[in-house]
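Examining the three-dimensional arrangement
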Amino acid sequence: MKKIRILLLLAVFTIMAVPRAKVLSAAPSPYDLIASVNTIRAQNGLDPVEPNGILMTIAQNHANYIASIQSGGHVDASGGQERDRALAAGFSVDAAGGWIDESWAAANSATSIDIMIYNSWSDPVHWGILVYPGAKFVGAGVAESGGLTYYVLDMAGDYVGADYASGLASTIPTNAVTAQVAPVQMATPGTDGSIIHIVKVGQAPWSIAAAYDITVDQLVAMNNLGTNPVIYVGQDLLIQLAYTPTPSPTATLTPRPPTRTPIPAQTAQPVETQKANDQSGTSIFNMDRRTMGLALILICGVGLALMVIGTVSRDKQPPKKEE
C-alpha cells in the first residue's frame, strides 16, 4: 500500500514538473533572435551576420538594464550608447568597418520572436538595419521583466555609405509582413466620438496607424509610447480624442424696466397770498402789509386831523376874565 502511495506521489510530481519544463524551454534566447535575423537576410539575398563575443556581452548587459527599469532606449545607466559600449568593451568599430547600430524592442512574453520582429522592426529604419548590406557581426541580448521580453540587437560591419533608413525600405518582404502581421479591424467610435483600439496578436504600430489613416507619430504621441513604440496584446490605444462640444452662448435675460404708473394731469391751483409778516410769519387782524400800511396811514391822518381840529378850537375860545 505504501508503495502505491509513493508511486502516486511521484506521478503527481512528474505531471507538475512537465508543464514547467515546457515553459522554461520555450523562453527565447539571444541565438534564437540571431537565427531569425539571418533568416530574413537570407530571404533578401544577403550574407548572415556572425555572432561576436563582445557584442553579445554588451547587448545582453543592455537588455538586462532596460528590463530592470522596464523602459527601453539606447542610453545606458552611464549615459553611453551602443558605440560607446562597444569601444569600452574592447570592440574596434573602425577595424570592423566603421559601422555599428542597435535595435531594441519589448513584447509580451507570449509573443514569438518572428512576430516581435514584424511588429517592432518592420518599419524602414529598423528593417534597414536588419538587411544592411555591410553588416558582418552581431550581438543579441534577451531579458524578461513584468511579463515583457526585452530584446537588444547590436550589428556592426562595413560602412557602405548607404542611407539604410530610407534607401532599403523597398527590401521589406511585403508577403512576409502580410503573413505575420494580423489585419486590423477598426473599432467603433464611442458616443463621445472617441476611438479606442484594443491591440490584437500580430498587430504593429504602423499597421494600426495605417488602418485608421493616421501617422505612427500621431499614434505614439496620443498614447505616450516613446521614441521606440512598444505595444502588447490587449493594450488600449487611443486613436481619436472625444469631441469637445462648442459651448453655446448663454442667453442673458435683460429685465424689462417696470411700467411707470402715469401721473394724472394736475390743474394749476391759485396760491393764496400769505397774509403774514415776513419776519414772524404771523398776521394782524388777518391783514396783509399793504392793507396794514393803508390802515396806519389812515389812523395817522385821522390823528393828525384831530390834533389840528383841537388846536383850532382852543384858539377860538374867548380869553378868561381876570377877577
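Report on the accompanying structure. (Residues numbered from 1 in each chain as written. Predicted model: local features only at pLDDT ≥ 70, side-chain atom pairs only at ≥ 80, totals over all residues. Heavy atoms only, no water.)

**Some remarks on the packing of aromatic side chains**
Inspection of the entire model under this criterion finds three aromatic pairs. On the basis of an interplanar angle of 35 degrees and a centroid distance of 5.7 Å, the ring pair of Tyr118 and Trp127 is categorised as tilted. As far as the burial class goes, Tyr118 and Trp127 line up, both buried. (Phe/Tyr/Trp six-rings, centres within 6.5 Å; stacked < 30°, edge-to-face > 60°. Buried < 20%, exposed > 50% of the residue type's maximum accessible area, 1.4 Å probe, protein only.)

**Some details on helix 10 (residues 216-223)**
Turning to helix 10, its buried residues number three or more, namely Leu219, Val220 and Asn223. Viewed end-on, helix 10 has its buried residues packed into an arc of 95 degrees, placing them on one side of the element. Across from the buried face of helix 10, at angles greater than 90 degrees, the exposed residues are Asp217 and Ala221. The elements touched by buried residues of helix 10 are helix 9 (205-211) and strand 6 (236-240). One or two residues past the end of helix 10 sits Asn224, with phi positive at roughly 50 degrees. (Helix = DSSP H or I, 4+ residues; strand = E, 2+ residues; numbered from the N terminus. Arc of directions from axis to C-beta. Contact = heavy atoms within 4.5 Å.)

**Things to note about the side chain of Ser194**
Its place among the elements puts Ser194 in the loop between helix 8 (174-180) and strand 5 (195-198). Given a relative accessible area of 15%, Ser194 falls into the buried group. A polar side-chain atom of Ser194 sits 2.7 Å from a polar atom in the side chain of Asp192. Discounting chain neighbours no more than four positions away, the residues touching Ser194 are Pro189, Gln240, Leu241 and Ala242. (Polar contact = N/O pair within 3.5 Å; in protein donor to acceptor, adjacent residues only side chain to side chain.)

**Some remarks on helix 3 (residues 53-69)**
Across its 17 residues, helix 3 extends 25 Å between first and last C-alpha, which sits within 8% of the 24 Å expected from 1.5 Å per residue. Turning to helix 3, its buried residues are Leu55, Met56, Ile58, Ala59, His62, Ala63, Ile66 and Ala67. Contacts made by the buried residues of helix 3 are with helix 2 (30-43), strand 1 (50-51), helix 4 (82-89), strand 2 (98-108), strand 3 (135-145) and strand 4 (148-158). Looking at where helix 3 begins, the residue whose side-chain oxygen comes 3.0 Å from the main-chain nitrogen of Ile54 is Asn52. (Expected span 1.5 Å × (residues − 1).)

**Description of the packing of helix 3 against helix 4**
Two elements in contact, helix 3 and helix 4, have axes whose closest approach is 10 Å; the angle formed by their N-to-C orientations is 130 degrees. By the criterion of interaxial angle, the relationship of helix 3 to helix 4 is oblique. With respect to the hand of their crossing, helix 3 and helix 4 are arranged in right-handed fashion. Between helix 3, through Ile54, Leu55, Ile58 and His62, and helix 4, the contact on the second element is made entirely by Glu82, Arg85, Ala86 and Ala89. Tallied by class, residues from the contact of helix 3 with helix 4 come to five nonpolar, one polar and two charged. (Axes fitted to C-alpha atoms, helices over the stretch in contact; angles between N-to-C directions. Parallel < 35°, antiparallel > 145°, perpendicular 65-115°, else oblique. Left-handed = near helix turned anticlockwise from the far one by under 90°. Nonpolar A, V, L, I, M, F, W, Y, C, P; charged D, E, K, R; others polar.)

**Some thoughts on the nonpolar core**
Residues Leu33, Met116, Ile117, Trp121, Leu130, Leu153 and Met155 are the most contacted members of the largest nonpolar core, which totals 26 residues. Residue assignment for this core shows that the elements contributing at least two residues are helix 2, strand 2, helix 6 (113-120), helix 7 (124-130), strand 3 and strand 4. Setting aside residues no more than four positions away along its own chain, Met116 makes contact with Leu33, Ala105, Ala107, Thr111, Trp121 and Tyr151. Grouped together as the second largest cluster of nonpolar side chains are 13 residues, Ala209, Tyr212, Leu219 and Ile231 included. (Core = buried A, V, L, I, M, F, W, Y, C linked by side-chain atoms within 4.5 Å.)

**Examining a nonpolar patch on the surface**
A cluster of nonpolar residues, Leu298, Val302, Leu306 and Ile309, forms a patch on the protein surface that exposes about 400 Å² of accessible area. Inspection of the secondary structure assignment puts Leu306 in helix 11 (residues 289-316). (Patch = residues over 30% accessible without salt bridge, like charges linked within 9 Å, V, L, I, M, F, W, Y side chains within 5 Å. Areas by Shrake-Rupley, 256 points an atom, 1.4 Å probe, with all protein chains shown as cover. Salt bridge = Lys/Arg side-chain N within 4 Å of Asp/Glu carboxyl O.)

**Observations concerning the sheet that holds strand 2**
Ordered by their spatial adjacency, four strands build an open sheet running 1-3-4-2, and the pairing between neighbours is mixed. On the outer flanks of this sheet lie strand 1 and strand 2, each paired with one strand and no other. Bridge analysis of strand 2 against strand 4 gives eleven bridges, and the strand direction is antiparallel. Along strand 4, the bridge assignment pairs Ala106 with Tyr150. (Pairing = 2+ DSSP bridges.)

**Looking at the pattern of salt bridges**
For the coordinates displayed, the defined rule picks out three salt bridges. For Arg85, the salt bridge identified is with Glu102, shortest N-O distance 2.9 Å. Here Glu102 lies in strand 2 and Arg85 lies in helix 4, a separation of 17 residues in the sequence. Both residues of the pair, Arg85 and Glu102, belong to the buried class. Note that Lys136 and Asp158 form a salt bridge whose closest N and O atoms lie 3.4 Å from each other. Of the two residues, Lys136 sits in strand 3 while Asp158 sits in strand 4, which places them 22 residues apart along the sequence. With a relative accessible area of 34%, Asp158 lands in the partly exposed category. Taken together, the shared-partner salt bridges in this structure form one network comprising Asp76, Arg85 and Glu102.

These figures come from the coordinates and say nothing about function on their own.
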